[in-house]
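The primary structure of each chain is shown beneath.
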Amino acid sequence: ENYAALEILNHYLRDVVGTASADPAEKVEMRPEDMHPFILFGSSFPKDKEYTQVCRNINQIKICMETGRTVILLNLENLYESLYDVLNQYYIYHGGSRYVDLGLQTHRVKCRVHENFKLILIAEKSTVYEKFPTPLINRLEKHFVLTSSVLVDWQQEVLEQLQNWTHQFSCVSRFKEGNAFVGYQKDTPAAVVFQATIQLQDMIKGEYFKDLEGLKQASVLGNIPLEELVEEEENSDVWKQAVLQLSQCLLLQTASPDAFVRLENTPLADQQAVLLKLYNDVQHHTSLEDFLQHHLSQSGLQGGLLLQVTTHSHLLSGEEVEQLGDVLGYRDHISWFLLQEFDTELDFFNKVSPAFQRDQVGSQDSLLIIQCDSGDSDGDLIACARYRIYDEGVKSIKQNIILECEGSTHVLFVIHLPQQSVGSSFVGFQGDPWVSAHIDDLRHINSDTVTLSEAMNMPISHLFISPDSELEGSHESEQTFTETAATKESLAEVEVEEMQADETMDDNIEASDPRVHGSDMEHHVPPPEEPIPPPINQIGQQPMEETPTLESFIDQMTLDIEESMEQGQASEKPVEEMSQYLSEHVREQAEPMMDSSIAEQPQLETFDQQLAQPYFQPKPKTLKKSGYYLRLHGCIQAAASRLQDSAKNKERATDRVKLLVELIPRSPAVNLDESTFHGTLVTHIHQLLKERESIRQDEKNWVLNEALSAKKLQSGGTFRNVIARKLRDVIIPIFAEIIALIDHNYNLDLVDPKTHDTPVTQFWLAMFRNPQVMHFSYADMSVREQVPGVGGRLAEEEFRCQLPFSWLVREAFEAQWDSAKSVAGNKTAQLYRQLYTLISETSIGSVLESVDEFYCEEFFQRYLHDFVRSVHKCNHKMSNHTDMEYRLIEKALNGLTHSTEDFASIDGHESLTRRIAAVHVIHHTYQSHLFWFGQLASHMPGVMVTLNSEQRVSDNSGEMLLPLYAVERALEMLKPQEPLKKDESALRDWLNRLRLSQNAIESILNLPFQHETAGKARLQWQLIRALQMFVEQVVLKYEGMEVYARRLEMYLMSDPDFLKASTINKVKKHLNSMDSELEKKKLKGKPKRLVSVRRSCRAFFMELVSTLCFGGREVPEEELIQMLVSTVFTERQEMEAEELGTREFSYRKSERDQIPVIRSFLLQLLLEHNTELVKAQLVDYFRMSQQAITGETADRDLYLLCTQCFEDAIYKRSTSLSFPERLTSATTYLREGHEALTLGQGAAPLDFLEGVAKVRYGLSVVAELLSKRVSVVGTAIQTEAFKHYHGVDANQLVHVAGVLCTDSGVN
């Protein structure tokens, strides 16, 4: 079936044909027929297929033919053609002897054939069926050798039980025996049973010490009484059970670790712990170093051990082999080769043979390591090398006996197999004399390596940082760092098992103080019910001296004893007394801190007591402190690569990695210090992992899920690597999310990686290690492939922050703003004090309050820098303009914090919290000021250049005057004198600049400034606006009009207040003068052009009145309104009756209308401005309109016109309102309109018409509401739309409308 059956042939050939079992030391003349068969294994080295090697092999066969030695040929398909006559037994007899021809291509050589000569061809079944020609098969006497075919009946019963056990062990889901046992073939169980039987027989004979080791391994699966084995027959139940258990142990040697995880889903689930303990602790599969140390120490063979180890990990490097030699004590007696580096078998022999020659290697044991890559495709090559090594080993034994040399040569084959090798022809179990094993990962387990046992018994959070590696001085809150009861219980069980299996010290010391093994005391002492937060040192002061821990005490005591021993002061004190001396002092320090539950733990059994148990106990080991956090340094690149920075910040990725490499040590201490960046980072990741496990219930069986994923097993290589990949896949995204947060706005640059003593770094770490401040939450954390990097978390622009975590400070103040405002209202002083009080009670407030007063000003300036850049958005294209704008705002805000007593220190205490609270109150008060300043600065950056050098920007004036100063500088830059002297292009450029800044300037001038500069700036702006209108309406449309613009400026320069009648009269005078001059001179004889100019001037006058007279918040003086009313009405004398007429709204006295018409322009201006303030003027206007218009429909038309004007004014005032606000205003309008309509004719005409307009507006809103209610019919009641349309305000509006419509008096 495969080469595994060769051991059967070897066994029977030794006992029947040859004399290998005889003592080689006996120098007896051997008969040719008693000679051991000569096994010729065909070379599979690349260049051994050539003709020279064929000749060499034929020559060896020729010698055996002549001497009568049996020849066994393996892997020599290229030789069978030369043995054509031999295989046909075509002999030539001469002189009483037989001869046969041996063919060598075209040459033939005769050879004498001894009468005892036999030729045996051994080949795998697949090779015979697929490659052997039929004539060749027909020439041979054929035997199909299966291991199972040579087993006797009782062995067949054991085989059946073993196959059943193997099936139960392996077959889970799509996994078969080949997935569980590396190199498993159909004939493997039979070979294992055969080998186990031989080992038990040899063990009873006392021939091999290693068989006793096998018995000890088998005893783990059940007690095997040696006495009964000796007395019982081989077909007894005791023998069957012993062979079965030993067979299981031999088969487990080749098992893969992931198969043990899958046992949870098999009928052998209850044996999982026992089998895994046997695999790791007894058979030593954790690493190649552990495996070799165990077997080399147990070796009793004279010729050395022959070991074959398969692995899924990478082969050992030269440096690793040297380190292995140092550990094993073979530093100068170890050699290693890669099998693929040899081209011929001769090269291989020349390299390995010196390792077996004792005259060269000396009398000490030596170790020869032969490694092979891709063992699944080089099976023949490995078999060839293996038989060659075996031959050399036999020769070495004979040589040692003859030369009476000591020492043995141990041979180790390390064969790499890919996970995809399942189903290949590779044979994992070779049988005697080879020890076959599978070590999934050859490398030694470090403190940061997660073992299989740990992974199966612990959640990922405890693998990241194991329970015995808790942080020193860490105080975890109940909400964020408390384990569940189930987790604690499971961990307690794991700890007890590990301590029982691994503790090595004296049982008295163990019972009194188990912490002397190096595990953390915090691991045993339960956390207090109410954890006390760690004290925060004043930032900027030297850190408080820490109390020495138990670990530091032990280290110091050990150091003192070692020094005293070196100096000879304690030479008379034995080592045992020293150990007792140390343990007593440790116990004295530890007992006050130990929990009572620790003292009640049962004492661990001594090593002698363990040996008395029915199973073999492993070699004790010290409890290992471990945690994947030790590999966090190796996760930096992977985590940082998930951060996606903007195109202009590509270099940040490199800088971020450099910072993290300096902040996270490559080899950190096992006991972490939470006061460091690394310790705090580990704490946060640990907390998030625990939260993740509480959310995701599928993570309880995460190891089993990995073991059941064939794809992950194939891609991961070793199962240790699969587990590590899973940990990386879980930890790295969380790590990346944390990095994205803490490096927001280049925040990581503020940490000094060299020292933590700087005030800024202390503040950084104080913020970072406070879980209430950072408030990491896995539920809120969206684990993404690409995480936004610098500036990606918030909406503001990217900038380099100067205060650590300044955005969190800002968010904390903003979160308390509404609460403070609801209590204090809009009173600045009360609002400031309330905000300060609320923040002081928060975690961020405690950190801010811990800043020493000496550094408050520095830290405030840092925060002010960050605050301005996060709340104020600049629209400049040039970075220097942006920086200048930010600096100006900083100066203004800084000045206001010192301006009034509203922001005086509370209780005489100067704190950073107070200053920050003050700047937040100031910003909310003057937010619109800063916004319009930014708008103006973006259109006219030149204003900032002059303001930047002015001291008054930061003066403590008690008012935000920065926007006003900017307007003042902008108006100086917008003066029209120069443009009016130049050509049309200069005028258009002036207009463009004016239009861009117009909205910002007018918005700033409409702000409630108290400073006298505001009044002057408004007048100057009105002059510029008047000139702008004239240039747009007149100058740019007609040539030669610039002179009239300059003349208008001269008219208005002395008093450009357009709320006064005198200013409007100046404008009218100027326009009339211009009209007269054009009519008499420039446009004489051009009536059409003159009419066009007059139309433009009238448009200018109307725009001037509507914008400058009625566009502001102030009411024009009464004289001005009367003058404007007189502009549209004219009186004349006819006979004895005085009659009132109408005319156009214009600057010139136009002719009277033949048919009186009400000009709605002025009426709309009066209504839109402020109805109540111009009530008297409206009454006069209405009276004059009634007198001017007569006829049957005159009153109706006038009423309708007034009503429409009132309604248009209401609609304009409601355009900026939201729908809920419109509902409230409509309710008010309906009530007021209902009241006015109820009075009827008793009310003033204007009041009645205004009431009609309010009712019309209110009913239009009611109609819109009813339409929206119909649109949401059938939707859920909980939706926002349904709540809007059926809320209290909506129902109240419908009710008021119903009352109005059902009022008979109104109808």
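Keep in mind that what you see is a predicted model, and the values were worked out from it rather than measured. (Residues numbered from 1 in each chain as written. Predicted model: local features only at pLDDT ≥ 70, side-chain atom pairs only at ≥ 80, totals over all residues. Heavy atoms only, no water.)

Asker: Lay out the overall build of the protein in plain terms, naming residues and giving numbers.
Answerer: Counting its regular elements, the protein contains 57 helices and 15 strands. Taking the intrachain contacts of the protein between residues at least 6 apart in sequence as the baseline, contacts between residues at least 24 apart amount to 75%. Taken as a whole, the protein presents about 62300 Å² of accessible surface, with 49% of it coming from carbon and sulfur. (Helix = DSSP H or I, 4+ residues; strand = E, 2+ residues; numbered from the N terminus. Contact = heavy atoms within 4.5 Å. Areas by Shrake-Rupley, 256 points an atom, 1.4 Å probe, with all protein chains shown as cover.)

Asker: Break down helix α33 (residues 759-768) for me, with residues and values.
Answerer: Summarising burial for α33: 10 of the 10 residues are buried, a large majority. Those residues of α33 that are buried lie in contact with α29 (677-695), α32 (719-742), α34 (771-774), α35 (806-824), α37 (843-849) and α38 (856-871). (Buried < 20%, exposed > 50% of the residue type's maximum accessible area, 1.4 Å probe, protein only.)

Asker: Outline the sheet that holds strand β3 (residues 92-94), supporting the account with residue identities and numerical values.
Answerer: Taken together, 3 strands build an open sheet; the order of strands is β3-β4-β5 and the sheet is antiparallel. Both outer strands of the open sheet, β3 and β5 (107-113), are each paired with one neighbouring strand and no more. Strand-to-strand twist of the sheet, defined as the mean angle between neighbouring strand axes without regard to direction, takes the value 35°. As paired strands, β3 and strand β4 (residues 97-104) are joined by 3 bridges and run antiparallel to one another. Paired with His-94 across the two strands is Ser-97, which belongs to β4. (Pairing = 2+ DSSP bridges. Axes fitted to C-alpha atoms, helices over the stretch in contact; angles between N-to-C directions.)

Asker: Give a detailed account of the sheet that holds strand β1 (residues 38-41), specifying residues and quantitative values.
Answerer: Across the sheet, 3 strands lie side by side as β1-β2-β6; this open sheet has parallel pairing. The open sheet has two edge strands, β1 and β6 (119-122), and neither has a second partner. Shown here is a sheet whose adjacent strand axes are inclined to one another by a mean of 20°, direction ignored. One ladder, built from 4 bridges, connects β1 with strand β2 (residues 71-74); its direction is parallel. Considered in β2, the bridge of Ile-39 is made with Ile-72.

Asker: Could you give an account of the packing of aromatic side chains, with specific residues and numbers?
Answerer: Tallying each qualifying case throughout the model produces 26 aromatic pairs. When the ring of Tyr-80 is compared with that of Phe-132, the centres are 5.4 Å apart and the planes differ by 75°; the resulting orientation is edge-to-face. Of the two residues, Tyr-80 is situated in the loop between β2 and α3 (84-88) and Phe-132 in the loop between α4 (125-130) and α5 (134-139); the sequence distance between them amounts to 52 residues. The exposure classification of Tyr-80 matches that of Phe-132, with both residues buried. Ring plane angle 80° and centroid distance 5.4 Å describe the contact between Phe-342 and Phe-348, whose orientation is recorded as edge-to-face. (Phe/Tyr/Trp six-rings, centres within 6.5 Å; stacked < 30°, edge-to-face > 60°.)

Asker: Any details on helix α45 (residues 984-1005)? Residues and values, ideally.
Answerer: The terminal C-alpha atoms of α45, which comprises 22 residues, lie 29 Å apart, in line with the 32 Å expected from a rise of 1.5 Å per residue. The largest bend in α45 comes to about 45°, at Ser-997. Elements that come into contact with the buried residues of α45 comprise α41 (927-939), α43 (962-973), α44 (977-980), α46 (1012-1035) and α47 (1042-1052). (Expected span 1.5 Å × (residues − 1). Bend = angle between axes of the 7 residues up to and from the residue.)

Asker: Kindly report on unusual backbone geometry, identifying the contributing residues and their values.
Answerer: Unlike most non-glycine residues, Asn-745 shows phi in positive territory, near 55°. Along the chain, Asn-745 falls in the loop between α32 and α33. If you check the backbone angles, His-775 has positive phi at about 50° while not being a glycine. Within the secondary structure layout, His-775 lies in the loop between α34 and β13 (787-788). Since its relative accessible area comes to 57%, His-775 is described here as exposed.

Asker: Please set out the pattern of salt bridges residue by residue, giving values where relevant.
Answerer: Tallied over the full model, the rule gives 38 salt bridges. Across the pair Lys-62 and Glu-66 runs a salt bridge, and its minimum N-O distance is 2.9 Å. With Lys-62 and Glu-66 both in helix α2 (residues 51-67), this residue pair falls 4 residues apart, about one helical turn. For Glu-66, a relative accessible area of 28% puts it in the partly exposed group. Two residues, Glu-858 and Arg-862, come together in a salt bridge whose shortest N-O distance is 3.3 Å. (Salt bridge = Lys/Arg side-chain N within 4 Å of Asp/Glu carboxyl O.)

Asker: How would you summarise the environment of Ile-58 if you had to cite specific residues and measurements?
Answerer: Residue placement: Ile-58 occurs in helix α2. Along the primary structure Ile-58 and Ser-82 are separated by 24 residues, whereas in three dimensions their C-alpha atoms are 8.0 Å apart. When residues no more than four places from it in sequence are discounted, the contact partners of Ile-58 are Leu-79, Ser-82, Leu-83, Leu-102 and Leu-104.

Asker: I'd like a rundown of the nonpolar core, residues and numbers included.
Answerer: Among the nonpolar cores identified, the biggest contains 223 residues, and Phe-169 and Phe-677 are the most heavily contacted of them. Those residues in contact with Phe-677 that sit more than four places away from it in its chain are Leu-660, Leu-663, Ile-664, Ile-742, Leu-748, His-756, Trp-764, Leu-765 and Phe-768. Formed by 31 residues, the second largest nonpolar core is a distinct cluster that contains Ala-385, Ile-389, Phe-413 and Ile-415. (Core = buried A, V, L, I, M, F, W, Y, C linked by side-chain atoms within 4.5 Å.)

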